Amino acid sequence: MVGLGAGALALGGCSLLPGPPRRGLPSPGTAEKTGRVREYTLRAAPLEFEVGSRKVRTWGYEGGVPGPEIRVREGDTLRAKVENRLPEETTIHWHGLPVVNKVDGVPGVTQPPIKAGEDFVYEFVVPMAGSHMYHSHVGLQLDRGLYGPLIVEPRNEDLSYDREHVVVLDDWLDGVGGTPDDALAELRGSSRGPGGMMGGMGGGMMGGAVLEYPLYLINGRPAEDPPTFEVRRGETVRFRVLNPSAETLYRFAVGGHRMSVTHADGLPVDPVETEALRIGMGERYDVLVRADNPGVWQVAAAPENKPGLARAVLRYRESGEEPPPPQDARPRELEGRFPSYADLKTKGLKSFPSSTGPFSGPDRVHRLVLSGGHGGYRWAIDGQLYPDADPLKVSEGEWVRVEMQNQSMMPHPMHLHGHSFQVVTEGGRGPWKDTALVEPHMGNLTFDFTADNPGEWFFHCHNAYHMESGMARVISYR
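Below, the structure is looked at part by part. (Residues numbered from 1 in each chain as written. Predicted model: local features only at pLDDT ≥ 70, side-chain atom pairs only at ≥ 80, totals over all residues. Heavy atoms only, no water.)

### Concerning the pairing of strand E33 (residues 472-477)
Counting buried residues in E33 gives six out of six residues, a clear majority hidden from the surface. Bridge analysis of strand E25 (residues 392-394) against E33 gives three bridges, and the strand direction is parallel. Each bridged residue has a counterpart across the sheet, and for Val394 the counterpart in E33 is Tyr477. Alignment of strand E32 (residues 456-461) against E33, held across five bridges, turns out to be antiparallel. In the sheet register, His460 faces E33, and the bridge partner there is Ala472. (Buried < 20%, exposed > 50% of the residue type's maximum accessible area, 1.4 Å probe, protein only. Helix = DSSP H or I, 4+ residues; strand = E, 2+ residues; numbered from the N terminus. Pairing = 2+ DSSP bridges.)

Next up, the structure:
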């Protein structure tokens, strides 16, 4: 059912009022260059992955999972050579970066896929700082090991901290619970009716078409073999928390400590004190933690509506040989309140005006309905399944508003390529992001963006299984 209506409305084109302020973010064509070229090689190939007590065969970059950290500075030129040694085609998408269209990495939209045995060089000026990711955008390759952290340092760092840790969350089944393609086949074979409801699954599936994964990882390591993040008493520690998981939302907390959220999807917000984060697939948060509670603590990511736990250990150097918390220990902070998008106020970036302000409103509005079912395990936008879906038209320079209503029973982390958008919140000054959750059961989310990066841009649910089952569209510049 399409309750809000399909297509777009062109609005405000004849207004005599001055236009709204545009985003305070660089576009690919305006990024100031440092003149420095940073070169990386990313060989995508089968590998043996030791995950806890298990050895499995999977796919990854440069022989490891996650792939190597790419760390550059805002304005650098990134030159990444991809050597495809997989048995099938692949690409790389630079998640969170508004790059030029031809290097965005979406097969059949921005580039032909890289064939098995061939190489391809991505080269672009890195347009903005932040905590981002890179990953394959072909099929379900993301749900193997084809992902890695992409950290872009600013020209001038305005955060004060003593130490930094990158935290990469993942849900893992490849080689332990079959393959991602097996999981999708099982989902499609067992779906039975509207909303993607499932029954009689066993073997790792739940009602509501949710995958229960055998393992949840932090930095490629399971709960039985957690990574350790070392600190000293009195330090301020920056955690960059990334969620490239294919199908899992998490609550994240650092036992015995509060966090101050400073960035959402790489972009600054007014600091917000919190005990926990809720982080959807494709989202990233930067937090500061004051190391003022010596000991050995559980850093935990609890999958939402699923059993299991991803964990790391926060160890003070002063703690000596103190043992870590038990493997299944859940910090009380996990049950604390987490900030909503309305709690996150953009910092240092221009905001779109309220629709009730002096401006006439957006130039174009796309009103979209997200839904599941459609006779099987299918996930639709306005009843259309990608690739058999109409493009969403925009024109360069427009203020575009996207209004979404979720009529399914699952949350959808919707990701826009090539742009950052501002989440519309009550009171205004919502956070700038590129991925945002639309809650289930008639949940609504609205965002604004400026059409300032011409091309054909993918817009999709970052649940990889939903994307592969139709929940995607192309935003097309006229």
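After that view of the structure, there is still more to cover.
### Overview of the nonpolar core
Grouped together as the largest cluster of nonpolar side chains are 73 residues, with contacts concentrated most on Met404, Phe449, Phe459 and Tyr465. The dominant element in this core, judged by the number of residues it contributes, is strand E22 (residues 310-316), at four residues. Sequence-distant contacts of Phe459, defined by excluding residues within four places in its chain, comprise Leu368, Leu392, Val402, Met404, Met414, His415, Leu416, Phe447, Ala472, Arg473 and Ile475. By size, the runner-up hydrophobic cluster in this structure holds 32 residues, among which are Trp59, Leu78, Ile114 and Ala129. (Core = buried A, V, L, I, M, F, W, Y, C linked by side-chain atoms within 4.5 Å. Contact = heavy atoms within 4.5 Å.)

### As for the packing of aromatic side chains
Overall, the coordinates contain 16 aromatic pairs when judged by the stated rule. Between the aromatic rings of Tyr386 and Phe458, the centroid separation amounts to 5.0 Å while the plane-to-plane angle is 70 degrees, which identifies the pairing as edge-to-face. In this pair, Tyr386 sits in the loop between strand E24 (378-381) and E25 while Phe458 sits in strand E32, placing the two residues 72 residues apart along the sequence. Tyr386 sits in the partly exposed class, given a relative accessible area of 24%. Put simply, the rings of Tyr61, Trp94, Phe120, Tyr122, Phe124 and Tyr134 touch in pairs and so form one group of aromatic residues. Positioned above the aromatic ring of Trp59 is the side chain of Arg144, whose terminal nitrogen or guanidinium carbon lies 4.0 Å from the ring centre. (Phe/Tyr/Trp six-rings, centres within 6.5 Å; stacked < 30°, edge-to-face > 60°. Lys NZ or Arg CZ within 6 Å of the ring centre and 35° of its normal.)

### Some details on the sheet that holds strand E18 (residues 267-274)
Across the sheet, six strands lie side by side as E13-E10-E15-E20-E17-E18; this open sheet has mixed pairing. Whereas interior strands pair on both sides, the edge strands pair on one side only; in this sheet they are strand E13 (215-218) and E18. Along the sheet, successive strands turn relative to each other by an average axial angle of 25 degrees, direction set aside. Both strand E15 (residues 236-242) and strand E20 (residues 284-290) contribute to a ladder of seven bridges, which runs antiparallel. What sits directly across from Leu242, in E20, is Arg284. (Axes fitted to C-alpha atoms, helices over the stretch in contact; angles between N-to-C directions.)

### Digging into the pattern of salt bridges
This structure, assessed with the given rule, holds 36 salt bridges. With a shortest N-O distance of 3.8 Å, Asp119 and Lys81 are connected by a salt bridge. Here Lys81 lies in strand E5 (residues 77-84) and Asp119 lies in strand E7 (residues 119-125), a separation of 38 residues in the sequence. For Lys81, a relative accessible area of 31% puts it in the partly exposed group. Taken together, the shared-partner salt bridges in this structure form one network comprising Glu69, Arg71, Arg73, Glu153, Glu157, Glu164, Arg238, Arg240 and Asp286. (Salt bridge = Lys/Arg side-chain N within 4 Å of Asp/Glu carboxyl O.)

### So, the environment of Ala451
With respect to the secondary-structure elements, Ala451 resides in the loop between strand E31 (443-450) and E32. Expressed as a C-alpha distance, the spacing of Ala451 and Gly418, which sit 33 residues apart in the sequence, is 9.6 Å.

### Points about the environment of Arg163
Here Arg163 shows up in strand E10 (residues 163-172). Along the chain, Arg163 and Phe239 lie 76 residues apart, while their C-alpha atoms are 8.7 Å from each other. Beyond its immediate chain neighbours, meaning those up to four positions away, Arg163 contacts Glu230, Val231, Arg232, Glu235, Thr236, Val237, Arg238 and Arg317.

### Observations regarding the sheet that holds strand E30 (residues 435-438)
One open sheet holds the five strands; their spatial order is E25-E33-E32-E27-E30, and the pairing between them is mixed. Each having just a single partner strand, E25 and E30 make up the two edges of the open sheet. The average undirected angle you get between the axes of adjacent strands in this sheet is 20 degrees.

### Digging into the environment of Trp399
Note that Trp399 resides in strand E26 (residues 399-406). The spacing of Trp399 and Phe352 is 47 residues in sequence and 8.7 Å in space, taken between C-alpha atoms.

### Some remarks on the pairing of strand E23 (residues 364-373)
In terms of burial, E23 is a largely internal element, nine of the ten residues being buried. Examined bridge by bridge, E23 and E26 share seven bridges and lie parallel to one another. Bridging across to E26, Arg367 finds its partner in Glu403. Sheet topology places E23 next to E24; four bridges connect them, and they run antiparallel. Bridge pairing in E24 links Gly372 to Trp379. The turn linking E23 back onto E24 is made up of four residues, and His374 within it adopts a positive phi angle of 55 degrees.

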